[in-house]
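Residue-level listing of the chains:
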Amino acid sequence: MRKNIVAGNWKMNTTVPEGVELAKAVNEAVKNEQLKCDVILGVPFTHLTAVKQVIDINKVGLAAENCADHNSGAYTGEVSAPMVASTGANYVILGHSERRGYYNESNQMLKTKVDLALEAGLKVIFCCGESLEEREAGKVQDVIKQEISESLFHLSNEQWANIVIAYEPIWAIGTGKTATSDQAQEVHAFIRKLIAERFGDELASNTTILYGGSCKPSNAKELFAKPDIDGGLIGGASLKAQDFMGIVTAF
Ligand code: PGA
């Protein structure tokens, strides 16, 4: 059976003390709940160690938002997968459209990052999604297929068990324009079909596929009710514990 997951992606927000307070609030809120999903916090590199200290890692997973495409060496300013793992984080978000767009991360580079993250023992939340232009040109499936196959389809079945997919249509991120639950379901079902073709039905059916893009307490329930939507990757609404919990409890 696949897991439901609600993961926060704080992006480049909060100072360390602010992030620690937010993490504490989420940890408190989930502590005594019997949740129907796993909860993960995706936080800036600078926050990982401090946040790790205030969460119960068995209840709240911890993700970095990126990692380097090398393990160590003369790469000033970069943070490697083994460094992330050494903070106690158990996940890394890779391939977010902001990384692809602003920092020119290619499918090839992401393939390397995925390999290094898995090698370091991290689970990967791998993001994919089309721009509005690509959607209007009828290229949604082509874009998704290329992103997923070029960065992930070299993995073994065993490695695949550590991959979570996040479908994030770029036009829905931070814009307040959510994909309708039908639009999202259609792409999620396509992604699961792609995975089944490559890794078989069982692994495909065990893969968690998250939706991301203006997901909030008011629309989470409808999205999560769809058969192939197994949770969310949450940006803006993860910055307030109450909003984030409103999504976590949507299951
Ligand atoms: P958003 O961001 O929820 O603010 O739209 C989602 C994401 O980029 O992961």
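Each remark here, short or long, concerns the structure printed above.
Keep in mind that what you see is a predicted model, and the values were worked out from it rather than measured. (Residues numbered from 1 in each chain as written. Predicted model: local features only at pLDDT ≥ 70, side-chain atom pairs only at ≥ 80, totals over all residues. Heavy atoms only, no water.)

What about helix H12 (residues 241–248)?
Residues of H12 that are buried: Ala 241, Phe 244, Met 245, Ile 247 and Val 248. The buried residues of H12 occupy an angular sector of 155° when the element is viewed end-on, so they sit on one face. Where H12 is buried, its residues meet strand E1 (5–9), helix H1 (16–31), strand E2 (38–43), helix H11 (217–224) and strand E8 (231–234). (Buried < 20%, exposed > 50% of the residue type's maximum accessible area, 1.4 Å probe, protein only. Helix = DSSP H or I, 4+ residues; strand = E, 2+ residues; numbered from the N terminus. Arc of directions from axis to C-beta. Contact = heavy atoms within 4.5 Å.)

Quick notes on the packing of aromatic side chains
The relative placement of two aromatic rings is captured by the distance of their centres and the angle of their planes. With the rule as written, the count across this model stands at six aromatic pairs. Their ring planes at 65° and their centres at 6.2 Å tell us that Phe 153 and Trp 160 sit as a pair that is edge-to-face. Residue class for Trp 160 comes out buried when judged on its relative accessible area of 1%. Their ring planes at 85° and their centres at 5.6 Å tell us that Phe 153 and Phe 199 sit as a pair that is edge-to-face. A residue pair is termed long-range when its members are at least 10 positions apart, and Phe 153 in the loop between helix H7 (140–152) and helix H8 (157–160) and Phe 199 in helix H9 (residues 181–199) qualify at 46 residues. With respect to burial, Phe 153 and Phe 199 carry one shared label: buried. Feature note: the residues Phe 153, Trp 160 and Phe 199 constitute an aromatic cluster, connected by ring pairs. Just above the ring of Tyr 91 sits the side chain of Lys 123; from NZ or CZ to the centre is 5.9 Å. Above the plane of the ring of Phe 199 lies Arg 198, whose end atom (NZ or CZ) is 4.1 Å from the centre. (Phe/Tyr/Trp six-rings, centres within 6.5 Å; stacked < 30°, edge-to-face > 60°. Lys NZ or Arg CZ within 6 Å of the ring centre and 35° of its normal.)

Regarding the pairing of strand E3 (residues 60–64)
With five of its five residues buried, E3 lies for the most part within the structure. Side chains Val 60, Leu 62 and Ala 64 project from E3 onto one buried face, and the interleaved Gly 61 and Ala 63 project onto a second face that is buried too. With five bridges joining them, E2 and E3 adopt parallel strand pairing. Paired with Val 43 across the two strands is Ala 64, which belongs to E3. After leaving E2, the chain enters helix H2 (residues 48–54) and then returns to the sheet as E3, a path that is right-handed. Pairing of E3 with strand E4 (residues 91–94) involves two bridges; the strand directions are parallel. (Pairing = 2+ DSSP bridges. Right-handed = clockwise from strand over helix to strand, strands pointing away.)

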